[in-house]
Amino acid sequence: MNFSDERNFSSYFIIIAVLVITGLVLWNTSLFIQRLKDDERTKIQIWAQSQKALNSEQSDDYLELSIIIGATNKSIPIIITDSTGDFVKDSLGNPDPSYFQNLSQNVMKNEENLKSYLHTLKSENAPIELDLKGTVQYIYYGNSDILNKLKYYPITIAIIIFLLIGVIYFFFTTSKASEQNKLWAGMAKETAHQIGTPLSSLVGWNEILKTENVNPEYITEIEKDIERLKVITERFSKIGSIPNLEEVDIVEETRNAYTYLQSRSSKLINFSLNLPEKPIYVSLNSQLYSWTIENLVKNAIDAMRGKGDLQIDLVDDAKRVFIRIKDTGKGIPKGKFTKIFEPGYTSKSRGWGLGLSLSKRIIEEYHLGKIKVLRSEIGIGTTFQITLRKNEATI
């Protein structure tokens, strides 16, 4: 399991935990709300029996108890209708206020508002039938204010939980990325330090060889590799620090990187280079740029298993320059176009999966450009594209 897989596992674990916790909260809240609804219905049923008792011949004590029970409802809105579902009218033909309880002033304002509110009550709860000496009436009731407010409680809790988990997840991922960056920067600087010692020795031995009867071409090639090692050492030493950008001709820099890689790659790789004739100036750190090209080319060679066609194109428009590296390798699944740039991701049995991640950091963080998989087809090949802004003088 590489770094990327571990991070994905942590992400999935957090997501599942959020869903489980939220589900439990919503489930328990739903049970609680349903219990309150049942209690309120029981309360209205008792209230209905008290009204029935008031309209029957009972003892004074029983009637007094019914009055007390009837007065206990101070929060649940009630509308009592006749057997046809219409309002009970007074002597003037208007809805009788004594058949309404706990309604707002706005609802009581006119009959249209009453009808609209009655329709709402019908949708909230089933009516309770009230039989008063052969006369049937229906009690329609709504939810109390407490119950209405509790409806929004699960949503509020869910939002709070998601926000809390989001903060934890953000802290987890950023702290982990920070630790990885510090680790890689430290390893890079240590690598540069370790290379420095044998490099100094090689420079000394090369000077000794010059005094011996050695083919000058050998000396020249050794010096090229020594210079290359110096460049690599400088590259590693720059990781973790802000590099200096200079105005350079990216056409020439790309040509130099291409020439070096071609001379030291397998002869089974058919290199081709397409560059414009005119210079194109960009703000660039030459060493880090050549490192990026080297990473992309080496990945392309690995994808082709040391045999195939590799093409580097450089094109531009009014404000940008595009460097495209195309191979005839095995290709990349579309779902992994962005995943391959994650730290620690690798499809190879060897390697730490840092090459493309460092390339992305060099291009996007240091040079404020873009790097992406432009296109890829399984079994046909892949094209990577680097996008950089031209300098004002070139534009």
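Look a little higher up for the structure.
Here goes a summary of the coordinates provided. (Residues numbered from 1 in each chain as written. Predicted model: local features only at pLDDT ≥ 70, side-chain atom pairs only at ≥ 80, totals over all residues. Heavy atoms only, no water.)

1. With respect to the environment of Arg 361
Put simply, the rule reads: Only DSSP runs of H or I covering at least 4 residues are called helices, and only runs of E covering at least 2 are called strands; the numbering of each starts at the N terminus. For every residue, the accessible area (1.4 Å probe, protein chains only) is compared with the maximum for its type, and the residue is labelled buried under 20%, exposed over 50%, or partly exposed between those bounds.
With respect to the helices and strands, Arg 361 occurs in helix α9 (residues 355-366). Here Arg 361 falls in the partly exposed class, since its relative accessible area comes to 22%. As for Arg 361 and Thr 292, which are separated by 69 residues in sequence, their C-alpha atoms are 9.7 Å apart.

2. A look at the nonpolar core
The cut-off we apply is this: Buried Ala, Val, Leu, Ile, Met, Phe, Trp, Tyr and Cys residues form a nonpolar core when they are joined through side-chain atoms within 4.5 Å. We call two residues in contact whenever any of their non-hydrogen atoms come within 4.5 Å of each other.
Counting 36 residues, the largest nonpolar core has Ile 250, Ile 293, Val 297, Leu 310 and Ile 323 as its most contacted members. The contact partners of Ile 323, leaving out residues within four places of it in the chain, are Ile 250, Tyr 289, Ile 293, Ile 312, Asp 313, Leu 314, Phe 384, Gln 385, Ile 386 and Leu 388. The next biggest cluster of nonpolar side chains, apart from the first, holds 11 residues, and it includes Trp 47, Ile 78, Ile 128 and Tyr 141.

3. What about the packing of aromatic side chains?
Remark: the centre distance and the inter-plane angle together describe each pair of aromatic rings, the angle taken between the planes. Here is the rule: Aromatic rings from Phe, Tyr and Trp, taking only the six-membered ring of Trp, are treated as a pair when their centres fall within 6.5 Å; an angle between ring planes under 30 degrees marks them as stacked, one over 60 as edge-to-face, and anything in between as tilted. Lysine and arginine charges are scored as sitting over a ring when NZ or CZ, respectively, is within 6 Å of the ring centre and within 35 degrees of the ring normal.
All chains considered together, the criterion is met by three aromatic pairs. Relative to Phe 100, the ring of Phe 87 lies with its centre 5.7 Å away and its plane at 85°, an arrangement referred to as edge-to-face. Taken together, the residues Phe 87 in the loop between β1 (78-81) and β2 (100-101) and Phe 100 in strand β2 connect sequence positions 13 residues apart. Take Phe 87 and Phe 100: they sit in the same class, and that class is buried. Here Phe 341 and Phe 384 contribute two aromatic rings whose centre-to-centre distance is 6.2 Å and whose plane-to-plane angle is 85°, an arrangement assigned as edge-to-face. Of the two residues, Phe 341 sits in the loop between β9 (320-327) and α9 while Phe 384 sits in strand β11 (residues 381-389), which places them 43 residues apart along the sequence. Exposure remark for Phe 384: the relative accessible area of 6% places this residue in the buried category. Above the ring of Tyr 140, the side-chain terminus of Lys 122 is found at 5.4 Å from the ring centroid. Positioned above the aromatic ring of Phe 341 is the side chain of Lys 360, whose terminal nitrogen or guanidinium carbon lies 5.4 Å from the ring centre.

4. Looking at the pattern of salt bridges
Counted only if it meets this: Salt bridge, as used here, is a side-chain nitrogen of Lys or Arg placed within 4 Å of a carboxyl oxygen of Asp or Glu.
Tallied over the full model, the rule gives 11 salt bridges. Note that Lys 224 and Glu 221 form a salt bridge whose closest N and O atoms lie 3.5 Å from each other. Taken together, the positions of Lys 224 and Glu 221, both in helix α6 (residues 216-238) and three residues apart, correspond to about one turn of that helix. By relative accessible area, Glu 221 is classed as partly exposed at 37%. Linking Lys 278 and Asp 316 is a salt bridge whose minimum nitrogen-to-oxygen distance equals 3.7 Å. Residue Lys 278 is found in the loop between β6 (269-274) and β7 (281-284), and its partner Asp 316 is found in strand β8 (residues 308-316); the two are separated by 38 residues along the sequence. Taken together, the salt bridges that share partners define one network made up of Glu 221, Lys 224, Asp 225 and Arg 264.

5. Structural notes on the packing of helix α8 (residues 286-303) against α9
Under the convention used in this document: Convention adopted: a line fitted to C-alpha atoms gives each axis, helices being fitted over their contacting stretch, and angles between N-to-C directions are expressed from 0 to 180 degrees. Whether a crossing is left-handed or right-handed is set by the direction in which the near helix is turned from the far one by less than a right angle, anticlockwise for left-handed and clockwise for right-handed. Polar here means any residue other than Ala, Val, Leu, Ile, Met, Phe, Trp, Tyr, Cys and Pro, which are nonpolar, and Asp, Glu, Lys and Arg, which are charged; Gly is therefore polar.
At a closest axis distance of 9 Å, the pairing of α8 and α9 adopts a crossing angle of 145°. The two elements α8 and α9 cross, and the hand of that crossing is left-handed. Residues Leu 288, Trp 291, Thr 292, Asn 295, Leu 296 and Asn 299 of α8 form the contact with α9, whose own contacting residues are Gly 355, Leu 356, Leu 358, Ser 359, Ile 362, Ile 363 and Tyr 366. Considered class by class, the residues forming the contact of α8 with α9 number eight nonpolar, five polar and no charged.

6. Observations regarding the packing of helix α7 (residues 250-263) against α8
Selection criterion: Angles are sorted into four bins: roughly parallel if under 35 degrees, roughly antiparallel if over 145, roughly perpendicular if 65 to 115, and oblique for all others.
Across the interface, α7 lies against α8 with an axial gap of 10 Å and an inter-helix angle of 50°. Comparing their axes, α8 and α7 come out oblique. Regarding α7 and α8, the two cross each other, and that crossing is right-handed. Counted together, Ile 250, Glu 253, Thr 254, Ala 257 and Leu 261 of α7 and Ser 286, Tyr 289, Ser 290, Ile 293, Glu 294 and Val 297 of α8 form the full contact between these two elements.

7. Considerations on the pairing of β9
Side chains on a regular strand alternate between the two faces of the sheet. This is how it is decided: Two strands form a pair only when DSSP identifies at least two bridges running between them.
Sheet topology note: the β8/β9 ladder contains seven bridges and is antiparallel. Directly across from Leu 314, in β9, lies its bridge partner Ile 323. The antiparallel hairpin formed by β8 and β9 contains three residues in its connecting segment. In this sheet, β11 lies alongside β9 in antiparallel orientation, the contact comprising seven bridges. Across the sheet, residue Phe 322 finds its bridge partner in β11, namely Thr 387.

8. Quick notes on the sheet that holds strand β4 (residues 135-141)
A sheet is described by the order of its strands in space; here four strands give the open sequence β2-β1-β4-β3, paired in antiparallel fashion. Strands with a single pairing partner mark the edges of an open sheet, and in this sheet they are β2 and β3 (128-132). As paired strands, β3 and β4 are joined by five bridges and run antiparallel to one another. The partner of Ile 128 across the bridge, within β4, is Ile 139. Here helix α3 (residues 111-124) sits on the sheet and contacts β1, β2 and β4; the angle it forms with β1, its principal contact strand, is near 100°.

9. Concerning unusual backbone geometry
For Asn 102, which is not glycine, the phi torsion reads 60° and is therefore positive. Tracing the backbone shows Asn 102 in the loop between β2 and α3. Judged by its relative accessible area of 32%, Asn 102 falls in the partly exposed class.

10. A word on the sheet that holds strand β10 (residues 370-377)
With respect to topology, five strands assemble into an open sheet ordered β6-β8-β9-β11-β10, the strand pairing being mixed. Both edges of this open sheet fall to β6 and β10, since each of them pairs with a single strand only. Geometrically, the sheet is characterised by an average inter-axis angle of 15° between neighbouring strands, direction not taken into account. With respect to the sheet, α7 is in contact with β6, β8, β9 and β11, its orientation differing from that of β6 by roughly 170°.

11. Quick word on the pairing of β8
In this sheet, β8 lies alongside β6 in parallel orientation, the contact comprising six bridges. Directly across from Leu 273, in β8, lies its bridge partner Ile 312.

Nothing here speaks to function; it is geometry throughout.
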